[in-house]
Protein chains: 2
Amino acid sequence: MKNENHEVLLEQKGLKKTKVRMALLQHFMGLDHAQSYSDLQTALAKEVDKSTLYRNLTSFEQAGIIHRINDHSGVSKYAFGESPIQGNEHAHFVCECCETVYCMEGLAPLQLKVPKGFKTKKVQTIIRGICAAC
Amino acid sequence: MKNENHEVLLEQKGLKKTKVRMALLQHFMGLDHAQSYSDLQTALAKEVDKSTLYRNLTSFEQAGIIHRINDHSGVSKYAFGESPIQGNEHAHFVCECCETVYCMEGLAPLQLKVPKGFKTKKVQTIIRGICAAC
DNA sequence: TTTATAAATGCAACTAAGTTGCATTTATAT
DNA sequence: ATATAAATGCAACTTAGTTGCATTTATAAA
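None of the values given here were measured: they were computed from a predicted structure.

Parameters at a glance
- Residues numbered from 1 in each chain as written.
- Chains lettered and ligands numbered in written order.
- Predicted model: local features only at pLDDT ≥ 70, side-chain atom pairs only at ≥ 80, totals over all residues.
- Heavy atoms only, no water.
- Axes fitted to C-alpha atoms, helices over the stretch in contact; angles between N-to-C directions.
- Helix = DSSP H or I, 4+ residues; strand = E, 2+ residues; numbered from the N terminus.
- Left-handed = near helix turned anticlockwise from the far one by under 90°.
- Contact = heavy atoms within 4.5 Å.
- Nonpolar A, V, L, I, M, F, W, Y, C, P; charged D, E, K, R; others polar.
- Buried area = accessible area lost by both parts, 1.4 Å probe.
- Salt bridge = Lys/Arg side-chain N within 4 Å of Asp/Glu carboxyl O.
- Pairing = 2+ DSSP bridges.
- Expected span 1.5 Å × (residues − 1).
- Near = heavy atom within 4 Å.
- Polar contact = N/O pair within 3.5 Å; in protein donor to acceptor, adjacent residues only side chain to side chain.

Visitor: Explain the packing of helix α2 (residues 19-28) of chain B against helix α4 (residues 50-62) of chain B residue by residue, including any values.
Guide: Residues and elements named next belong to chain B. Running from N to C, α2 and α4 point in directions that differ by 65°, and their axes come no closer than 11 Å. For the pair α2 and α4, the crossing hand works out as right-handed. Contacts between α2 and α4 involve V20, R21, L24, L25 and F28 from the former and T52, L53, N56, L57, S59 and F60 from the latter. Of the residues belonging to the contact of α2 with α4, the class tally is 7 nonpolar, 3 polar and 1 charged.

Now the structure itself:
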């Protein structure tokens, strides 16, 4: 991916093109699995301030550039692309061996019957198993 | 539920009958929704030490008395009964209005196709919507 | 009933995630 | 070139959850 693309993306979303954001985009695109805050902190060689990082994750999430995933590990993870609960319906796969989280695109959404009085809006699915790398 | 039942349950699981545990069981049984640490801390009038509470939650979970639920809120919640990923297969319903988490018993587990190299072990489902109380 | 002992409790100190207020810096539109 | 709104960095904070250790308590055995 070229820097050009990142700039266009940020502009589209009305976000200023800053070093931290360019580095973040660079890092997210081309990754096939989700990143925690500490993964990101480690990956972004030039130390980025904690609050700056979190604020950018929030901005990106609101802009639909990334989505936040809760995988039962206790910490949020973030992956490129829109959220499954708005727009891009997909499931998440958590490897029980390496704890890596992948987005599984194109899985049929499921229908579940709920008790009287309850109204389903969205269904979120986490698949646990062993990933291709393990 | 009588105290008798709680005592029997603890004995069955090889756990000592203590005040904190009896109070916890008392609280969990008869509830139709999940509790966070802070819910529990508030509910157990007689202040219980944080680590004692967490340790008991862990013991109860290991004994299959309660199970831990991740509802995307960032904090774990706990509900009476065995875990859906061992034994008691069920989905969790999260109310988008009041954030209450309910266990939905008897929902059919589903088959999802994953990419080559990935192996599914368990599927966890969170249903988001509006609950009967809202 | 007393006593030994292993487990449970309470406390303090800690880690790590995530948030907030504020002063400074920087990207961008004019 | 400059004004301005947004982004950054910093410090201080909150809350979830954990750990080590000394004390207490439930229970089983004498």
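Visitor: How would you summarise the interface of chain B and chain A if you had to cite specific residues and measurements?
Guide: Listed per partner, the contact involves 34 residues of chain B and 33 residues of chain A. Together chain B and chain A conceal approximately 2800 Å² of surface at their shared face, both sides included; 63% is due to carbon and sulfur atoms. By the criterion of area lost to chain A, the three top residues of chain B are H72(B), F118(B) and Q124(B), representing 22% of everything that side buries. Scanning the region where chain B abuts chain A turns up 0 salt bridges. Elements supplying a minimum of two residues to the side of chain B that touches chain A: β2 (66-70), β5 (101-105) and β6 (119-130) of chain B. Each residue belonging to the side of chain B that touches chain A can be placed in one class, and the counts come to 17 nonpolar, 9 polar and 8 charged. Sheet analysis places strand β6 (residues 119-130) of chain A next to β6(B), joined by 11 bridges and oriented antiparallel. Residue pairing for β6(B): I130(A) is matched across the bridge by K119(B).

Visitor: An account of helix α4 (residues 50-63) of chain A is needed here, citing residue identities and associated values.
Guide: All names here are of chain A. Taking 1.5 Å per residue, 14 residues should reach 20 Å; α4 reaches 20 Å between its end C-alpha atoms and fits that length. Here the buried face of α4 lies against α1 (3-12), α2 (19-28), α3 (37-43), β2 (66-70) and β3 (76-80). Taken from the residues just after α4, G64 is the one with a positive phi, measuring 75°.

Visitor: So what's going on with the protein's contact with DNA strand D? Which residues, and what values?
Guide: Lining the immediate surroundings of DNA strand D are 18 residues, of which T18(A), R21(A), S51(A), R55(A) and N56(A) lie closest. Taking the atoms of DNA strand D that fall within 4 Å of the protein, sugar and phosphate contribute 58% of them. Between a phosphate oxygen of DNA strand D and a side-chain N or O atom of R21(A), the distance comes to 2.8 Å. K17(B) places a main-chain nitrogen or oxygen 3.2 Å from a phosphate oxygen of DNA strand D. Those elements that place two or more of their residues in the surface near DNA strand D are α2 and α4 of chain A together with α4 of chain B. Split by residue class, the surface near DNA strand D holds 3 nonpolar, 7 polar and 8 charged.

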